[in-house]
Structure formats: C-alpha cells, structure tokens
2 protein chains.
Amino acid sequence: MEKGEDAQDAAKRELEEETGYTPKELFYLQWYYPTSRSNQRAYVFVARVDKKGKTKREQSELQRVKIVSKDYLKRKILSGEVKHGATLVAFALALSRGFF
Amino acid sequence: MEKGEDAQDAAKRELEEETGYTPKELFYLQWYYPTSRSNQRAYVFVARVDKKGKTKREQSELQRVKIVSKDYLKRKILSGEVKHGATLVAFALALSRGFF
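For clarity, every value in this text was computed on a predicted model and none was experimentally measured.

Draft legend 1. Quick look at the side chain of Thr 19 of chain A. Residue and element names in this part refer to chain A. Its location among the elements puts Thr 19 in helix α1 (residues 7–19). Thr 19 gets classed as buried once you look at its relative accessible area, which sits at 14%. A polar contact of 2.6 Å, which involves the side chain of Thr 19, links it to the backbone oxygen of Leu 15. Among the polar contacts made by the side chain of Thr 19, one reaches the main-chain amide nitrogen of Tyr 21 at a distance of 3.0 Å. Among residues more than four places away in sequence, those in contact with Thr 19 are Glu 14, Lys 52, Thr 55 and Val 65.

Structure (structure tokens):
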C-alpha cells in the first residue's frame, strides 16, 4: 500500500495498473499472514470486472498477466502447477465463500 | 528441514513432535512459495493418523495444538477466522484433491 491509502484503494489501484480492469464490484474477503516469519498482512479481495482499460505497469514488474477462466484455474490448482501462495489462499477463500 | 533430511522426513518428524501423532499414511501434495519476497519453499502433506504418542515440542514453540474436525476447520475458514497462510493453502490443496 502507498502512504495514506487503505487496502481497498490499493487493491483497486493495483488491479487497474496490473490488468487494466476497473472493478465494477470489489468484495473484501479477509486478511491473513503469508508467513509466520513476519507480521506482514496480506489482504484478499474478489473483484467483478467490466471493461478493460490500459495497463500501467512498472517496468520492474515483469510478470505477464494472463486472463483465465475459473475452471482453468481450478484445473491448474488440482494438477499442482500453481506455486504462488497468494493465489492458492485467494482460491481457498473465494471457494469457501461461494465465488467458485 | 534439518541437515540431510528430506521434506517427507521433516513432515513426519514435525507432526510427531508437534502433535504426538505418527502418520499411518503421508501424502505429498505439492510445494509453493509463501511469499514472493523470498525463494523459500513450503511443502504440503496430508497425513492420516492413528494412535497418539507423546509430543516433544521445543520450549520456544508456544503454540497450542488443537485437534479439530474437517467441518470445524471449514466453518472457521468460511467465517474468516483463519489468518494462518499455510493453513489456508493446505486447505485449498487438500480440498482440490478430494481430501475434504
């Protein structure tokens, strides 16, 4: 998060910057501790998106954004290919709350 | 993991030390990255347990072990009370592979 920004604002901004999508609806699910080695908290949101704008990614952020279906993500998780902790947590939370 | 020990051995040892249970069956699910701030990997297993022995916990490990049902854990995750990333990831992986 940037200074003076709350988690909801940061989620909205990051979504727009990273994917070009503006959230039509943004649901806060919960925060969690990614690792017991630090007190850092991660905040998880589900967004429903509409039209796509332009991405504004920092040059240092080299990840590629790939839009996938919920079924595709489910299959990738089932096969053990998803190694990104935050994605796995977001999946667990979204699933338990009926978003999948 | 301790020196010379693989993830499976470490999981078995930690389960016994922390809970007093010896795994009757131990299934390796996958590894993941808890945080993108480090290259550390976390390894996730599902254990079926049988009889309980004695715990051998280090004095510095002050967490209390509480044995809960799968339904209880599901309810706690649904209500947003589980903040521990590794538990949320283990839940996602176990669920996607049919252990829940």
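Draft legend 2. Just the relation of the copies chain B and chain A, in detail. The two copies are related by a screw motion: chain B maps onto chain A through a turn of 180 degrees and a shift of 0.0 Å along the axis, at an RMSD of 0.0 Å. What we have between these two chains is a two-fold relation. Relative to the rotation axis, the C-alpha of Ala 92 of chain B is the closest in chain B, positioned 2.3 Å from it.

Draft legend 3. How the structure looks around the packing of helix α2 (residues 70–78) of chain B against helix α3 (residues 85–96) of chain B. Residues and elements named next belong to chain B. Orientation of α2 relative to α3, taken along the N-to-C sense of each, is 120 degrees, at an axis distance of 12 Å. For the element pair α2 / α3, the angle class is oblique. The crossing of α2 and α3 is left-handed. Residues Leu 73, Lys 74 and Ile 77 of α2 touch α3, and the partners they reach there are Thr 87, Leu 88, Phe 91 and Leu 95. Its residues assigned to classes, the contact of α2 with α3 comprises five nonpolar, one polar and one charged.

Draft legend 4. Just the domain arrangement of chain A, in detail. Residues and elements named next belong to chain A. Taken as a whole, chain A is organised into domain 1 (1–63) and domain 2 (68–100). Each of domain 1 and domain 2 has a C-alpha centre, and the two are 17 Å apart. Each partner contributes residues to the interface: domain 1 has seven residues there, and domain 2 has eight residues. Between domain 1 and domain 2, a total of about 610 Å² is buried, with carbon and sulfur atoms accounting for 77% of that surface. The three residues of domain 1 that bury the most area against domain 2 are Leu 29, Gln 30 and Tyr 32, which together make up 62% of that side's buried surface. Where domain 1 meets domain 2, there are zero salt bridges. The interface formed by domain 1 and domain 2 contains one residue pair in polar contact (both at pLDDT 80 or more). Among the elements that take part in the side of domain 1 that touches domain 2, strand β1 (residues 21–32) stands out by supplying four residues, more than any other. A breakdown of the residues in the side of domain 1 that touches domain 2 according to their chemical character gives five nonpolar, one polar and one charged.

Parameters and conventions
- Residues numbered from 1 in each chain as written.
- Chains lettered and ligands numbered in written order.
- Predicted model: local features only at pLDDT ≥ 70, side-chain atom pairs only at ≥ 80, totals over all residues.
- Heavy atoms only, no water.
- Helix = DSSP H or I, 4+ residues; strand = E, 2+ residues; numbered from the N terminus.
- Buried < 20%, exposed > 50% of the residue type's maximum accessible area, 1.4 Å probe, protein only.
- Polar contact = N/O pair within 3.5 Å; in protein donor to acceptor, adjacent residues only side chain to side chain.
- Contact = heavy atoms within 4.5 Å.
- Least-squares fit on C-alpha atoms with pLDDT ≥ 70 in both.
- Axes fitted to C-alpha atoms, helices over the stretch in contact; angles between N-to-C directions.
- Parallel < 35°, antiparallel > 145°, perpendicular 65-115°, else oblique.
- Left-handed = near helix turned anticlockwise from the far one by under 90°.
- Nonpolar A, V, L, I, M, F, W, Y, C, P; charged D, E, K, R; others polar.
- Domains from an automatic or database assignment.
- Buried area = accessible area lost by both parts, 1.4 Å probe.
- Salt bridge = Lys/Arg side-chain N within 4 Å of Asp/Glu carboxyl O.

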